[in-house]
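Read off the chains here:
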Amino acid sequence: MGIRERLSGNEAVAIALKQINPDVLAAYPITPSTEVPQYFAQYVADGEVDTEFIAVESEHSAMSACIAAAAAGGRTATITSACGLALMWELLYVASGTRLPITLAVVNRALSAPININNDHSDSMGARDSGWIQLYSENNQEAYDNYLMSLRIAEHKDVMLPVMVCQDGFITSHAVENIELIEGEKVKNFVGEYVPKHSLIGGEPISIGPYDTPQFYFEHAYQRAQAMINSKKVILDVSKEFAALTGREYGLFEEYKMEDAERAIIVLNSSAGTAKGACDLLRAKGEKVGVLKLRVFRPFPLEELSKAISHLKAVAVMDKADSFSAMGGPLFTDVRSACYDLKTRPHIINYIYGLGGRDVRVEDFTLVFDALKQVVVDDRPGEIYRHVGVRGVQ
Amino acid sequence: MSKMVEIRWHGRGGQGAKTASLLLADAAFNTGKFVQGFPEYGPERMGAPITAYNRISDERCSLHCNIYEPDYVVIVDATLLTAVDATGGLKPDGGIIINSAKEPEELRPLLDGYEGRIYTIDAGKIAEEEIGRNIPNTPMLAAVVVVSGVIPEDEFLNDMEGSMKHKFANKPQVIEGNMRAIKRSMREVKGL
C-alpha cells in the first residue's frame, strides 16, 4: 500500500537516493546545486547509507567523479540545477559516449543572464542533445517514482545510457505535497544490484575512454544513437514493472481528457497540473479540450505522440525554454516535425511561457485554449511562435 | 470540509512565514488532508516581503501556480498592510488575520475599502513572552487554525508537537515554548 508522507520534491528525491543507496554520489554541496546533496550528506553522517559521498569543488568535477566511479563499476548518482548543469556540459557527453549508466536529478532552473534562480527548462533543454535520456516529472511523486525507475532504465544492457530526471525548481522542488513512498525493502528489490558487464575494477584488464580514431568513432556514435532508440521499450517495460509494484502507471506521456478532444496543450513538468485545471474548467463548459503531458523527451516518442495528436484540430506546444532559433522552442520543433508524415495533422502553434519563474496561472492556459479555438475557426495557425505571460505581448 | 481552502501568507524574511505555511501543511496532512505548502522565492533577505501559500483539500490538487483568490490572508507583519496588496483577490466570505495588538476594526482603514472579516492576534508579544524571541509564525499559525476551522483544534494541538519534532529535528529546545505560544494564541485571537 505504500507509506503516506508529505515531502518537498527535493526531499522526495533525497529519499529515493537513500533507498537506492548508490555506491558513489558526487555532488557540489552548495548553490547552484539543490538541497538534495545536503539531505544526502545527513544520511551519510547518520550511517543510513553506505555511499561514498564526494563533495566536489564544481559541477564539472561532480560529473567527472561520477564518470570515474561508474567506469570503476559503481552505481553512481548526482544532482544539480541551472548553471550547475551548464558547467557539467562537456562531461555529459563523456558520460553518454562512454555508455555509463549514471543517474542525475535535475531541478530545472533558468540560466543567467539576467541573473535568476527561478524555474524554467533552459538548463535541461540545453542538454537535450547530449545523449542522456530525459524524464520529466509533474510533482514530487513523479520525481520520486521516475528516479527509482531511472537506474533500471540506465543500467539495462540494451541501453547503457545516463538518465536525467527533471522536476521544476521551487514550484515542486520546494513545495511540500502528499506523496506515497514505497517501503525500503521493496525499493531494494526493485532496483536490484548493479552488475556492470565491464569495469575498471574487475577481473579483466581494460581501458575506458581512450582516444577513438576516425576508424571507430562513428560506429560508437551510431551505437549510442541505437541505444537511445532501444531505450523506449526499456522505459515502457520498467514502467510496467513499477506499475505492478505500486499501481502507479507511467507511459511515454500522459493523456488527460484527450480521447474526444479537438484542441490540446502539450506541456512538461509542474505546469501540466495547472493545465489540467484549465482543461477541467473548459470541459465543464462543454469545450472539447485536453492536455498531453510528455514524460519522456529523450528518446522522443515520435510514432506514439504523432498518433496521439493526429485526430486533433489544433495543438499548442508549451516551451519553458527558448531555442532562440526564431522559429519556436525545442519541444515545439520536435512535436511539429513528428507530425510531418501524418496524412491528417492538426495545426500546431508554439507558446514560450514561464521563463525565469514567471508564475503560470490557470488563466494562461485558458487563454491558450481560446487562441486554439481561433486557429480552428481560421483553419490556419497564424503566427506559430507566440508568448504567454509576457507583459505587453499578446 | 469538502471544498479546497487556499491561504496566502505575507511576512518578512526571517519571521518564519514559510515555516508556518509548512507547519500548517504538516498539521492538515496529519488529519488526512491533501496539502500544498510552498513559498514564492524572491530575493532572500532578512526583512524583505515574502509570500507563502497553502492549499488544503480532500483530493490531490494538481494546480502548481500561486494563489490569486485566497480564502484567507495571513499578515505576519502589520507594516506590510501598507506595503503589499494585502486583501488583493481575497474572497468576500473569507477573512484576513493580522499580527497586531490592535482591535480588528482599528485596522480596517488600512485595507483599501475591504468589507470582509478581520481578525487580530498579538503574535509578536506572545512569541516574545512564550518563546523568548519575536518569531511570530507559530502563534499566527494557531490563529489561522482557529479562524479557518481547516483542522479540528484538538487534532491540531495533538499533531503540532509531532510536526515540530519533524521540522525541528535538530533544534528540540524550541518545541516547548512554541507549544505554549500556540495554545495562548488560540485563546486570544480577536474578531471571532
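Quick caveat, the model's predicted, so the values are computed rather than measured.

Residue and element names in this part refer to chain A. Split by domain assignment, chain A resolves into domain 1 (3-193 + 206-246) and domain 2 (253-388). Taken residue by residue, the interface counts 31 residues in domain 1 and 27 residues in domain 2. Together domain 1 and domain 2 conceal approximately 2,200 Å² of surface at their shared face, both sides included; 52% is due to carbon and sulfur atoms. Applying the counting rule to domain 1 against domain 2 returns seven salt bridges. A salt bridge links glutamate 304 to lysine 232; the shortest N-O distance between them is 3.1 Å. Taken together, the links from domain 1 to domain 2 amount to 20 residue pairs in polar contact (both at pLDDT 80 or more).

The next point concerns the packing of aromatic side chains. Residues and elements named next belong to chain A. For the structure on display, the rule yields eight aromatic pairs over all chains. Note on tyrosine 136 and phenylalanine 297: the rings are 6.4 Å apart at their centroids and 80° apart in plane angle, and the pair reads as edge-to-face. You can see tyrosine 136 sitting in strand β6 (residues 133-136) and its partner phenylalanine 297 sitting in strand β12 (residues 296-298), a full 161 residues away along the chain. The buried category is assigned to tyrosine 136, whose relative accessible area is 1%. By the ring-pair criterion, three or more aromatic residues cluster together here, those being Phe40, Tyr43 and Phe53. Above the face of the phenylalanine 297 ring, arginine 298 is positioned so that its terminal group lies 4.3 Å from the ring centre.

Turning next to the interface of chain B and chain A. At the interface, 23 residues of chain B touch 25 residues of chain A. Roughly 2,100 Å² is buried in total at the junction of chain B and chain A, and carbon and sulfur atoms are behind 49% of that figure. It is Phe29, Arg60 and His64 of chain B that lose the most area in chain B upon contact with chain A, and together they represent 35% of the buried surface on that side. For the interface between chain B and chain A, the tally reads two salt bridges. Arginine 60 of chain B serves as the salt-bridge partner of glutamate 177 of chain A, at 3.9 Å between the closest nitrogen and oxygen. For the interface between chain B and chain A, the tally reads 15 residue pairs in polar contact (both at pLDDT 80 or more).

The subject of this paragraph is the layout of surface pockets. All names here are of chain A. Taken as a whole, the second largest pocket holds about 1,100 Å³ of empty space. Forming the walls of the second largest pocket are 29 residues, and the residues nearest its centre are Gly97, Thr98, Arg99, Leu100 and Ile208. Of all the elements in the fold, those that place two or more residues in the lining of the second largest pocket are α3 (59-71), α4 (83-97) and α8 (217-246). Per-element accounting of the lining of the second largest pocket gives the leading share, five residues, to α8.

Glancing now at the pattern of salt bridges. Tallied over the entire structure, the rule returns 40 salt bridges over all chains. Notably, a salt bridge pairs lysine 232 of chain A with glutamate 303 of chain A, separated by 2.8 Å at the nearest N-O pair. On the criterion of sequence distance, the pair formed by lysine 232 of chain A in helix α8 and glutamate 303 of chain A in helix α10 (residues 302-309) is long-range, its members being 71 residues apart. For lysine 232 of chain A, a relative accessible area of 18% translates into the label buried. Between glutamate 176 of chain B and arginine 180 of chain B there is a salt bridge, and its shortest N-O distance comes to 3.5 Å. With glutamate 176 of chain B and arginine 180 of chain B both in helix α6 (residues 175-188) and four residues apart, this pair spans about one turn of that helix. Exposure remark for arginine 180 of chain B: the relative accessible area of 39% places this residue in the partly exposed category. Several salt bridges converge on common partners, so that one network encompasses Glu129, Glu130, Glu176, Arg180, Arg184 and Glu188 of chain B.

Here the focus is the packing of helix α1 (residues 9-20) of chain A against helix α2 (residues 36-45) of chain A. The geometry of a pair of packed helices is captured by two quantities: the angle between their axes and the separation between those axes. Residues and elements named next belong to chain A. Contact pair α1 / α2: the axes reach a minimum separation of 9 Å and the direction vectors enclose 40°. One element, α1, and the other, α2, form an angle in the oblique class. Where α1 crosses over α2, the handedness of that crossing is right-handed. Side by side, α1 and α2 meet where Asn10, Glu11, Val13, Ala14, Ile15, Leu17 and Lys18 of the first sit next to Val36, Tyr39, Phe40 and Tyr43 of the second.

It is worth spelling out the environment of arginine 55 of chain B at this point. Residues and elements named next belong to chain B. Mapping arginine 55 onto the fold places it in strand β3 (residues 49-57). Under the relative-accessibility criterion, arginine 55 is labelled buried at 1%. Residues within four places of arginine 55 in sequence aside, it is in contact with Met4, Val5, Glu6, Phe34, Val35, Gln36, Phe38, Cys61, Leu63, Cys65, Asn66 and Ile67.

This paragraph deals with the nonpolar core. By size, the foremost hydrophobic cluster in this structure holds 123 residues, and its most contacted members are Met63 and Tyr144 of chain A. For this core, the element with the most residues is helix α6 (residues 140-155) of chain A, which contributes eight residues. Structurally, this core is a two-domain feature, drawing no fewer than three residues from each of domain 1 (3-193 + 206-246) and domain 2 (253-388) of chain A. Apart from residues no more than four positions distant in its own chain, methionine 63 of chain A is found in contact with Thr78, Met88, Leu91, Leu92, Ala95, Ile102, Leu104 and Trp132 of chain A. Counting 43 residues, the second largest nonpolar core, distinct from the first, contains Ala27, Ala28, Val35 and Met140 of chain B.

Turning our eyes to something else, we now look at empty space enclosed by the protein. The tally for this structure, following the rule as stated, stands at two cavities of 30 Å³ or more. As a volume, the largest cavity reaches approximately 50 Å³. Forming the walls of the largest cavity are Glu177 and Asn178 of chain A together with Phe34, Val35, Gln36, Arg55, Ile56, Ser57, Arg60 and Cys61 of chain B. When contributions to the lining of the largest cavity are tallied by element, the ones reaching two or more residues are β8 (176-181) of chain A together with β2 (34-40) and β3 of chain B.

With that out of the way, let us pick up the state of the cysteines. One pass over the full model with this rule turns up zero disulfides over all chains. Of all cysteine sulfurs, the one in cysteine 166 of chain A lies closest to cysteine 66 of chain A, which takes part in no disulfide; the gap is 16 Å. A residue is classified by how much of its surface remains accessible, and cysteine 66 of chain A, at 0% relative accessible area, is buried. Residue cysteine 65 of chain B stays outside any disulfide, its sulfur separated by 7.8 Å from that of cysteine 61 of chain B, the closest cysteine. On the accessibility criterion, cysteine 65 of chain B (5% relative accessible area) is buried.

Below, the discussion takes up the confidence of the model for chain B. Taken over all residues, the pLDDT of chain B has a mean of 92, while the share at 70 or more is 98%. Our summary of model confidence lists the complex with pTM equal to 0.96 and ipTM equal to 0.93.

All right, on to α8 of chain A then. All names here are of chain A. Compared with the 44 Å implied by 1.5 Å per residue over 30 residues, the 42 Å span of α8 between its first and last C-alpha is a close match. Of all the bends in α8, the greatest measures close to 30° and is centred on serine 231. All of the buried residues along α8 are Arg224, Ala227, Met228, Ser231, Lys232, Val234, Ile235, Val238, Ser239, Phe242, Ala243 and Thr246. Close packing links the buried residues of α8 with α4, β6, α6, α7 (184-191), β12 and α10. Of the residues flanking the end of α8, it is glycine 247, one or two places downstream, whose phi is positive at about 80°.

Rules of the game
- Residues numbered from 1 in each chain as written.
- Chains lettered and ligands numbered in written order.
- Predicted model: local features only at pLDDT ≥ 70, side-chain atom pairs only at ≥ 80, totals over all residues.
- Heavy atoms only, no water.
- Domains from an automatic or database assignment.
- Contact = heavy atoms within 4.5 Å.
- Buried area = accessible area lost by both parts, 1.4 Å probe.
- Salt bridge = Lys/Arg side-chain N within 4 Å of Asp/Glu carboxyl O.
- Polar contact = N/O pair within 3.5 Å; in protein donor to acceptor, adjacent residues only side chain to side chain.
- Phe/Tyr/Trp six-rings, centres within 6.5 Å; stacked < 30°, edge-to-face > 60°.
- Helix = DSSP H or I, 4+ residues; strand = E, 2+ residues; numbered from the N terminus.
- Buried < 20%, exposed > 50% of the residue type's maximum accessible area, 1.4 Å probe, protein only.
- Lys NZ or Arg CZ within 6 Å of the ring centre and 35° of its normal.
- 1 Å grid on protein atoms, 1.4 Å probe; cavity = no way out; pocket = protein on both sides within 12 Å on 5 of 7 lines; lining within 4 Å.
- Points joined across faces, edges and corners; volume = space filled by probe spheres on them.
- Axes fitted to C-alpha atoms, helices over the stretch in contact; angles between N-to-C directions.
- Parallel < 35°, antiparallel > 145°, perpendicular 65-115°, else oblique.
- Left-handed = near helix turned anticlockwise from the far one by under 90°.
- Core = buried A, V, L, I, M, F, W, Y, C linked by side-chain atoms within 4.5 Å.
- Disulfide = S-S within 2.5 Å.
- pLDDT = per-residue confidence, 0-100.
- Expected span 1.5 Å × (residues − 1).
- Bend = angle between axes of the 7 residues up to and from the residue.

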